[in-house]
Amino acid sequence: MKDLTSLNELIEALEELPSIGKKSATRLALFLAKDKFRAMKLINAIENVVTNIKECTICGNFSEYEICEICYNPNREKTLAIVENPKDIMIIEESGSYKGYYFVLNHLDDEKIQKLKNLIEEKEIKEVIFAFSPSVESEARSLYLEDKLKDLGVEFSQIAQGVPTGVHFENVDINSLAKAIKLRHKI
Ligand SMILES: [Zn+2]
């Protein structure tokens, strides 16, 4: 229907979001069309995120500042967990089982490696933990990083295999991820 162009546009925009299908998108759009207060609240929240959230220049975590709260804190443990994306940091932080620093490695290039080395040196990191979801690629990536970082005199460890191979963290409950970090083993 032509007079529903705005509504259809909203449905299409919602459908582009991860894990939202046509059915959910339609339900959400109709809800928002009806509840103007919640719709405005959502507009406001999205606008704030777009304006305020950036990537920490040190570790790549999401932050409202140039340097995130975790990197800014000098009292964290001298360990560094390398993760695949900022969402993993949120999950691990929520578990409360880990008190060290993080580094987001979503892609590998020389600039990233240099940033990683700087962080290890500046924070006097003693242990680097590969906190990737287990897969053949992440194993290769760990080996590559180990080789690149071996001259820095750090120990390397890997999260326990409590996380099933091929399953991403977002699908793993907090408790098993917390356990996987706690039961990490040296490599
Ligand atoms: Zn940071």
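Residues numbered from 1 in each chain as written. Predicted model: local features only at pLDDT ≥ 70, side-chain atom pairs only at ≥ 80, totals over all residues. Heavy atoms only, no water.

Looking at an unreviewed UniProt entry, one finds the protein named Recombination protein RecR, with Lebetimonas natsushimae as its source organism. As stated in UniProt under Function (unreviewed entry), the record for the protein gives "May play a role in DNA repair. It seems to be involved in an RecBC-independent recombinational process of DNA repair. It may act with RecF and RecO." UniProt annotates the protein under Sequence similarities (unreviewed entry) with the comment "Belongs to the RecR family." (UniProt positions renumbered as here; feature names shortened; annotations may be inferred.)

Here we take up the UniProt feature "zinc finger region: C4-type" (unreviewed entry) in the protein. Residues given the UniProt feature "zinc finger region: C4-type" (unreviewed entry) here are residues 56–71. Between the C-alpha atoms that bound residues 56–71 there is a distance of 8 Å. The span itself is 19% helix and 12% strand. (Helix = DSSP H or I, 4+ residues; strand = E, 2+ residues; numbered from the N terminus.)

With respect to the helices and strands, Ile 125 occurs in the loop between α6 (110–122) and β5 (127–130). In this structure, the C-alpha to C-alpha distance between Ile 125 and Glu 77, residues 48 residues apart in sequence, is 8.3 Å. Among all residues touching Ile 125, those that are not within four sequence positions of it are Lys 78, Thr 79, Leu 80, Tyr 101, Leu 119, Ile 120 and Val 154. (Contact = heavy atoms within 4.5 Å.)

Located in the positive-phi region is Ser 19, a residue other than glycine, with phi close to 60 degrees. As for its position among the elements, Ser 19 is in the loop between α1 (5–15) and α2 (22–34). Note on Ser 19: relative accessible area 79%, which makes it exposed. Despite not being glycine, Glu 124 has its phi angle at roughly 50 degrees, a positive value. Note that Glu 124 resides in the loop between α6 and β5. (Buried < 20%, exposed > 50% of the residue type's maximum accessible area, 1.4 Å probe, protein only.)

This part takes up the packing of α1 against α2. Across the interface, α1 lies against α2 with an axial gap of 8 Å and an inter-helix angle of 130 degrees. As far as their axial angle goes, α2 and α1 are oblique. Two packed elements cross with a definite hand, and for α1 against α2 that hand is right-handed. Judged by residue contacts, Leu 7, Leu 10, Ile 11, Leu 14 and Glu 15 of α1 engage Lys 22, Ala 25, Thr 26, Leu 28, Ala 29, Leu 30, Leu 32 and Ala 33 from α2. Among the residues making up the contact of α1 with α2, the classes are represented as 10 nonpolar, one polar and two charged. (Axes fitted to C-alpha atoms, helices over the stretch in contact; angles between N-to-C directions. Parallel < 35°, antiparallel > 145°, perpendicular 65-115°, else oblique. Left-handed = near helix turned anticlockwise from the far one by under 90°. Nonpolar A, V, L, I, M, F, W, Y, C, P; charged D, E, K, R; others polar.)

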